[in-house]
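Chains, contacts and geometry: an overview
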Amino acid sequence: MFTSVDDVSERLAETGYLASPAVATTVFLADRLGKPLLVEGPAGVGKTELAKAVARVAGARLVRLQCYEGVDESRALYEWNHAKQLLRISAGRGETWDEARTDIFGEEFLLPRPLLTAIRGDDAKVLLIDETDKADVEVEGLLLEVLSDFQVTVPELGTVTATRRPFVVLTSNATRELSEALRRRCLFLHIGFPDAELERRIVRLRVPGVDTALAESVVRVVGALRAMDLRKAPSVAETVDWARTLLALGAGTLDETVVRDTLGVILKHQDDIQKAAAKLDLDAL
């Protein structure tokens, strides 16, 4: 998919994703080595967007498995269309069970879920396993099987093996420690908050109407907030949202009134807002 690290940076930038050298290098290696990419970091720093950007660059189909507590094999892999199977059995009342069973466990009645969808077919795909740390430990065992051999066994149909391996991105907010076995099969990338220069570039790219001075002010204030002991530090996504908010309000500069009235855009807890209002000194920035 990529010819060099610079090629990764340039092509991702064309989609609106500005990658640091570490991100570009790891994406290039994941593509070249054919290994899944495990991306960790706080919410809102661009982990999911990275998978979407790679899919856009490759012209690939994005297949997403959104993990949550309670997600199981049927939601991740496949399940049977039971309602349709019952209708088929009812329609063939004169058949023996062996005759009906051969039919109702065919492709027509199979409901492929993200993992099975990602390894079937010859088209290019990016498999995004989002917020892996929210899934139960049992799901990790399923991921190990799929990501090791890129094949899935459906007892009624046989083994489905990928003819074209997808580019795989697993994301994690590190709310739960993932198993060493899963980590071992992946290349690891941590995406933290970007440095000020990169964040300014991101703001200018994502909010075209914002001027340089306002973008710099926004990034400086966000940086000061991240240095505070907050429950939830503002992410890059919130920096961009704040810049859009200021632009919509017609604010050309940051003053105490504007900052106080819009803190809810970048801070999501009332105690964080109160702490920021008390400690933030715009004159010192």
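Above this text you will find the structure in question.
The notes below deal with the structure included here.

**A word on the pattern of salt bridges**
Considering all chains together, one arrives at 17 salt bridges under this definition. Between R11 and D7 there is a salt bridge; the shortest N-O distance is 3.3 Å. Pair noted here: R11 and D7 are both in helix α1 (residues 5-14), with a separation of 4 residues, about one helical turn. Note on R11: relative accessible area 24%, which makes it partly exposed. Here D130 makes a salt bridge to R64, at a shortest N to O gap of 2.7 Å. One end of the pair, D130, is in strand β5 (residues 125-130); the other, R64, is in strand β2 (residues 61-66), with 66 residues separating them in the sequence.

**Structural notes on the packing of aromatic side chains**
Tallied over the entire structure, the rule returns 2 aromatic pairs. Centre to centre, the rings of Y78 and W80 are 6.3 Å apart; their planes meet at 80 degrees, and the pair counts as edge-to-face. For Y78, a relative accessible area of 12% corresponds to the buried category. Judged by its relative accessible area of 9%, W80 falls in the buried class. A centroid spacing of 5.1 Å and a plane angle of 85 degrees characterise the contact between W80 and F105, whose relative ring orientation is edge-to-face. In this pair, W80 sits in strand β3 (residues 78-80) while F105 sits in the loop between α6 (97-104) and β4 (110-112), placing the two residues 25 residues apart along the sequence. Using a relative accessible area of 21% as the deciding quantity, one classes F105 as partly exposed. Following the ring pairs from residue to residue traces out a cluster consisting of Y78, W80 and F105. The ring centre of F109 lies 5.8 Å from the NZ or CZ of K84, which sits over that ring. Positioned over the ring face of F193 is R226, at 4.3 Å from the centre of the ring.

Definitions and cut-offs
Residues numbered from 1 in each chain as written. Predicted model: local features only at pLDDT ≥ 70, side-chain atom pairs only at ≥ 80, totals over all residues. Heavy atoms only, no water. Salt bridge = Lys/Arg side-chain N within 4 Å of Asp/Glu carboxyl O. Helix = DSSP H or I, 4+ residues; strand = E, 2+ residues; numbered from the N terminus. Buried < 20%, exposed > 50% of the residue type's maximum accessible area, 1.4 Å probe, protein only. Phe/Tyr/Trp six-rings, centres within 6.5 Å; stacked < 30°, edge-to-face > 60°. Lys NZ or Arg CZ within 6 Å of the ring centre and 35° of its normal.

Interpretation note: all reported values are geometric properties and have no functional meaning in isolation.
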